[in-house]
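Close look at the chain arrangement
Here is what each chain is made of, one letter per residue.
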Amino acid sequence: MTKGSDREAGPPRYSPNWVTSRRGTFKVFQDRIEVGDWRIPFSDMENAVVYRVQALPFVKGSVLQVTANKRTYQFGFNPWAHPVKHFPFSIEEREETMRYSTFSIVIRVAAVAYALYLLVDWLR
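Anyway, here's the lowdown on the structure attached to this text. (Residues numbered from 1 in each chain as written. Predicted model: local features only at pLDDT ≥ 70, side-chain atom pairs only at ≥ 80, totals over all residues. Heavy atoms only, no water.)

Moving on, we come to the sheet that holds strand β5 (residues 32–35). Read across the open sheet, the three strands follow the order β4-β5-β6; overall the sheet is antiparallel. Two strands lie at the open edges of the sheet, namely β4 (27–28) and β6 (38–41), each paired on one side alone. Note: β5 against β6, four bridges, orientation antiparallel. Among the inter-strand pairings, Arg32 is bridged to a residue of β6, identified as Pro41. (Pairing = 2+ DSSP bridges. Helix = DSSP H or I, 4+ residues; strand = E, 2+ residues; numbered from the N terminus.)

Here you go:
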């Protein structure tokens with residue numbers, strides 16, 4: 001299972017594009033990958049990079065970025081999933097730190113502020 005977005009490019013980051021991302025089964029065939037109705041032939045791929053990112057403390061997940069036909073896709077995978085080992089070619093791997101978008105920072109601050117409000121209200 002994966003989450004996929006065609007609205008992100010570059011090193012992975014927390015952003016609102018992942019909230020509305022496509023969820024589905026990542027399938028690797030001899031000549032292509034598929035997620036839902038996205039069919040990306042290996043022959044159309046211009047670039048593929050796997051970003052290794054910290055998913056949980058002491059556990060790394062991965063984000064696969066594929067560029068094909070001038071369109072960039074990113075697919076997020078859990079730490080135990082390794083679909084790129086089934087690709088018929090080598091893929092560049094990079095270690096990255098997840099970045100935060102302004103949107104994700106605002107949402108996190110609002111959630112913490114609301115939790116503090118509830119705590120103070122409960123203690124009264």
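Here the narrative resumes, following the displayed structure.
Under the criterion given, the structure shown has nine aromatic pairs. Residues Tyr114 and Tyr117 carry aromatic rings whose centres are separated by 6.3 Å and whose planes lie at 25° to one another, so their mutual orientation is stacked. Of this pair, Tyr114 and Tyr117 both sit in helix α2 (residues 102–123), three residues apart, which is roughly one turn of the helix. Judged on exposure class, the residue Tyr114 and its partner Tyr117 are both exposed. Cluster of aromatic residues (ring-pair linked, three or more members): Phe26, Trp38, Tyr73, Phe75 and Phe77. The ring centre of Trp38 lies 4.0 Å from the NZ or CZ of Arg22, which sits over that ring. Over the ring of Phe29 we find Arg32, and its NZ or CZ is 4.1 Å from the ring centre. (Phe/Tyr/Trp six-rings, centres within 6.5 Å; stacked < 30°, edge-to-face > 60°. Buried < 20%, exposed > 50% of the residue type's maximum accessible area, 1.4 Å probe, protein only. Lys NZ or Arg CZ within 6 Å of the ring centre and 35° of its normal.)

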